[in-house]
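# Examination of the molecular architecture
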Amino acid sequence: MGGTDFRRARTSGVPARFVGVSDVATSAPIESQLEAYRPELTGYCYRMLGSAFEAEDAVQDTFVRAWRSFERFEGRSAVRTWLYRIATNVCLNMLASAQRRVRPMDLGPAGSGGATHPGEPRPDEIWVGPAPDSRVLPEGSDPAEVVAGRESVRLAFVAALQHLPPRQRAVLILREVLAWSAQEVADLLDTTVASVNSALQRARATLATTDTAAEVYRPLDDEQKALVARYVRAFEAYDLKALTTLLHEDATLSMPPLPLWLRGHDDILAWMAGTGSGCRGSRLVPVVANGLPAFGQYRPSLDGSGHDPWALIVLEISGGRIAAVNNFLDTARLFPLFGLPGRLQ
């Protein structure tokens, strides 16, 4: 039921209101009380699952379970804590039989820019996917909190989390991202503080071996704004020489669900000049994904009229240059998720 309105999940015999809950307005309908937690719960489930679509399904399942069990809840803990307990159990159940989600770089060595075929598309279930900030981050007015939230949903960080066993993943997110105490996490997971601290130590050690560096989207940062503007101009003009000056020497290019990925100026530009040359004449529409600058890419229509969706481009920036260009090609699902138009006239 991912993405559907919660009210569609109503069943007969379910209580119409929460009663006796201290941390929310008790006079509000259940739907309104639950909806207040949707963004942060979606962000939590997204970090756990690596898919925005599965995260929305998990939150929907969480809300339905909360609704059905509210009479037994009786305000014994904060609603937020209770919902996180349910959401954690939902995610752990989903992960019990799921394949670990990856990025193309996890599947093998970089390919050649001279390749004429990028390989057969792999199933959606194996990929770490992008997420709109608006779906996974609560609104905030504190700039420091906004930046911290964006850092915790960066593509590289979410991908690194998928290397952790599910319970370690939950511990690290709850402790390091959401700043829960060890005792709170132990209570939620029905374990001991010692077990939580041990899991956190192991999770930190695993993440230390992964590269998660990338600058988050900072719309008021003049240097980043100028770099992104230069990228848009160079890409829409298909000026490959100008694009080269914007990339790190070991920059990567990936195209999920295709397994091929490339590293370095020569192979990236060889691909763009060859097999990827159909992107010439594209138009870019800005969005924000995973706390990073992103664009809906539209290629010229084959009938010569307008531009059709081609990819969601997510840029990773480091040290004032572009370190990675991630092209997600499942536009049929991703463009509606990001509120992007079906085509450009």
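Located above this text is the structure these notes cover.
Because the structure is a prediction, the values reported are computed rather than measured.

This next bit is on the packing of aromatic side chains. Enumeration according to the criterion identifies 6 aromatic pairs in this entry. Their ring planes at 70 degrees and their centres at 6.0 Å tell us that phenylalanine 235 and tyrosine 238 sit as a pair that is edge-to-face. The burial state of phenylalanine 235 is the same as that of tyrosine 238; both residues are buried. Among the aromatic residues, those joined into a ring-pair cluster are Tyr231, Phe235, Tyr238 and Phe295.

For the rest of this paragraph, the subject is the environment of glycine 43. Turning to its location among the elements, glycine 43 is positioned in helix 2 (residues 38-49). With 12 residues separating them in the primary sequence, glycine 43 and alanine 55 have C-alpha atoms 7.6 Å apart.

Our next topic: helix 4 (residues 79-96). Compared with an ideal rise of 1.5 Å per residue, which puts 18 residues at 26 Å, helix 4 spans 26 Å between its outermost C-alpha atoms and is within 8% of the ideal. Among the residues making up helix 4, those that are buried are Val79, Trp82, Leu83, Tyr84, Ile86, Ala87, Thr88, Val90, Cys91, Leu92 and Leu95.

Here we take up the side chain of glutamine 60. On the secondary structure map, glutamine 60 appears in helix 3 (residues 52-73). For glutamine 60, a relative accessible area of 1% puts it in the buried group. Separated by 3.3 Å, the side chains of glutamine 60 and arginine 38 make a polar contact.

Moving on: the sheet that holds strand 5 (residues 307-318). Spatially, 6 strands are ordered 2-1-6-5-4-3 in an open sheet, and the strand pairing comes out mixed. Across the chains shown, the open sheet's two edge strands, defined by having one partner strand only, are strand 2 (258-263) and strand 3 (283-289). The sheet shows a mean angle of 20 degrees between the axes of neighbouring strands, direction not considered. Note that strand 1 (residues 247-255) and strand 6 (residues 321-328) share 4 bridges and pair parallel. Bridging from a neighbouring strand, leucine 247 pairs with isoleucine 322 of strand 6. Where helix 13 (residues 265-273) meets the sheet, it contacts strand 1, strand 2 and strand 6, and its direction lies at approximately 45 degrees from that of strand 1.

This paragraph deals with the pairing of strand 5. In this sheet, strand 5 lies alongside strand 4 (residues 292-300) in antiparallel orientation, the contact comprising 7 bridges. Following the sheet pairing, alanine 294 is matched in strand 5 by valine 314. Between the end of strand 4 and the start of strand 5, which pair antiparallel, lie 6 residues, with glycine 304 showing a positive phi angle near 80 degrees. Looking at chain direction, strand 5 and strand 6 are connected through 7 bridges and run antiparallel. Paired with isoleucine 313 across the bridge in strand 6 is asparagine 327. Here strand 5 folds back onto strand 6, and the loop between the two strands holds 2 residues, one of which, glycine 319, carries a positive phi near 60 degrees.

Definitions and cut-offs
- Residues numbered from 1 in each chain as written.
- Predicted model: local features only at pLDDT ≥ 70, side-chain atom pairs only at ≥ 80, totals over all residues.
- Heavy atoms only, no water.
- Phe/Tyr/Trp six-rings, centres within 6.5 Å; stacked < 30°, edge-to-face > 60°.
- Buried < 20%, exposed > 50% of the residue type's maximum accessible area, 1.4 Å probe, protein only.
- Helix = DSSP H or I, 4+ residues; strand = E, 2+ residues; numbered from the N terminus.
- Expected span 1.5 Å × (residues − 1).
- Polar contact = N/O pair within 3.5 Å; in protein donor to acceptor, adjacent residues only side chain to side chain.
- Pairing = 2+ DSSP bridges.
- Axes fitted to C-alpha atoms, helices over the stretch in contact; angles between N-to-C directions.
- Contact = heavy atoms within 4.5 Å.

None of the figures reported here should be taken as evidence of function without further support.
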